[in-house]
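# A look at the structure
Listed below are the residues making up each chain.
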Amino acid sequence: LYEHLLWQLNIFVNNEKEKQAGKVIIGNLTKNGFLNMSLQQLCQLSGVSFKVFKRVLRLVRTFDPSGVAARNIKESLLIQLFLSGNTDRCLYRIIFLHLGDLEKGYFSKIANSLSISVEEVKRAKKRISYLNPNPAASFGGSQAVHIEPDIFFDKNNGTYNIEINNRDLPRMKVNHYYRVILSDAKAASETKKYIKDKFLGARWLINALRQRIKTIILVCEYLIQEQNEFLRQGAEKLKPLTLGDVAGDLSISAATVSRVVSNKYAQVSNRLIALKSFFSGKIETIDKGVISNRRIKEMILIMIEDENSKNPLTDSQIVLRLQKQGFNIARRTVSKYRENLGIQPFYLRKNSK
């Protein structure tokens, strides 16, 4: 969830103070996607003004998944309803005033309070049931899912060739019959106009799909060039790379790059790699160099795996070890990365070993 939200933050926010505020908000969400800290508390953590936090929080609440960063279930449902464009005041009032009664089935009580019929309350419940009380639900669990690669990276004489997986996609074309009608002098003018409009729309769609494939190939070629060592040698060779880097070098928008790589996988030899894996934020080293934050996560994981089970490492001790290796990193960042890796705090690791 953290990476998915940070991904969107990097697309929509360029101002550094706003980005910092966004990272603090996202980093303090619960596993269910709720924000259980006040803006005043968050301000104290980062030094960013309350006004900036308030503005950024409104933006984060528009991110996918819908309803994220709310303070509780009620607020999350209200946000989801608003983002869906629903203007039915009755639904808002039921969620705001009677959510508990709705869960218990007190339809008559709600109807009397809002001066509406019981049937209206039941219809409202059905519509509210389509909303998600747990906005982060899709980011948990361990159910196995079969993934079909979208792109193949075929290695040939030291280079990678790119092939789009179109095996299950039909070839799109306009039926020749409609061309015949357009050239038929006896056909009614209204019929010709209708078919011509639809013909132009179909041609636009086909051209758009062709352009989409070209853009996917263009981005993949760039990723192969920039992250060649990552492909050959693994995650420790991953270089810092952002959506903005790719967008700037290819002269396309960051939103376009995001759509290209979102939920897409490349098959490389016998491996399946998410295109998002080619991207990573950066941590500055003491000598002003940079390293990917994914590499930092791997180092933290290795440290914890090798720690003394009777005396586990605290986050502060991990910070000191990283500093000795030349990496400037804050303790709260180490804590966040540790949580991303699903690792418990040192006092719980000690009790569980």
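Before reading on, note that the structure itself is shown above.
Owing to the predicted nature of the structure, the values given are computational and were not obtained by experimental measurement.

### Focus on the pairing of strand β3 (residues 265-268)
Only one face of β3 is covered, namely the one carrying A266 and V268; the face carrying Y265 and Q267 has none of its residues buried. Both strand β1 (residues 151-156) and β3 contribute to a ladder of 3 bridges, which runs parallel. Residue pairing for β3: F152 is matched across the bridge by Q267. Inspection of the sheet shows β3 paired to strand β4 (residues 271-274) by 4 bridges, in the antiparallel sense.

### Thoughts on helix α10 (residues 189-226)
Between its terminal C-alpha atoms α10 stretches 55 Å, which fits the 56 Å expected from 38 residues at 1.5 Å a residue. Along α10, the residues that are buried comprise I195, F199, I206, T215, I216, V219, C220, Y222, L223 and I224. Contacts made by the buried residues of α10 are with β1, β2 (159-164), α9 (176-183), α11 (228-233), α12 (243-250) and α13 (254-261).

### Topic: a positive patch on the surface
On the surface, R171, K173, R210 and K214 cluster together to form a positively charged patch. Looking at the element boundaries, K173 is found in the loop between β2 and α9.

### Some details on the pattern of salt bridges
All chains considered together, the criterion is met by 9 salt bridges. For E75, the salt bridge goes to R71, with nearest N and O atoms at 2.7 Å. Taking the relative accessible area as the measure of exposure, E75 reaches 15% and is therefore buried. Put simply, R127 and D88 hold a salt bridge, and the shortest N to O gap is 3.1 Å. In this pair, R127 sits in helix α8 (residues 118-128) while D88 sits in the loop between α5 (73-83) and α6 (89-104), placing the two residues 39 residues apart along the sequence. A residue is classified by how much of its surface remains accessible, and R127, at 38% relative accessible area, is partly exposed. Taking the relative accessible area as the measure of exposure, D88 reaches 27% and is therefore partly exposed. Bridged by salt links that share partners, the residues R61, R71 and E75 form one connected network.

### Some words on the environment of S113
Along the chain, S113 turns up in helix α7 (residues 107-114). On a C-alpha basis, the gap between S113 and H98 in space is 9.3 Å, while along the polypeptide they are 15 residues apart.

Quick notes on the rules
- Residues numbered from 1 in each chain as written.
- Predicted model: local features only at pLDDT ≥ 70, side-chain atom pairs only at ≥ 80, totals over all residues.
- Heavy atoms only, no water.
- Buried < 20%, exposed > 50% of the residue type's maximum accessible area, 1.4 Å probe, protein only.
- Helix = DSSP H or I, 4+ residues; strand = E, 2+ residues; numbered from the N terminus.
- Pairing = 2+ DSSP bridges.
- Expected span 1.5 Å × (residues − 1).
- Contact = heavy atoms within 4.5 Å.
- Patch = residues over 30% accessible without salt bridge, like charges linked within 9 Å, V, L, I, M, F, W, Y side chains within 5 Å.
- Areas by Shrake-Rupley, 256 points an atom, 1.4 Å probe, with all protein chains shown as cover.
- Salt bridge = Lys/Arg side-chain N within 4 Å of Asp/Glu carboxyl O.
- Lys, Arg positive; Asp, Glu negative; His and termini not counted.
- Charge placed at Lys NZ, Arg CZ, Asp CG, Glu CD.

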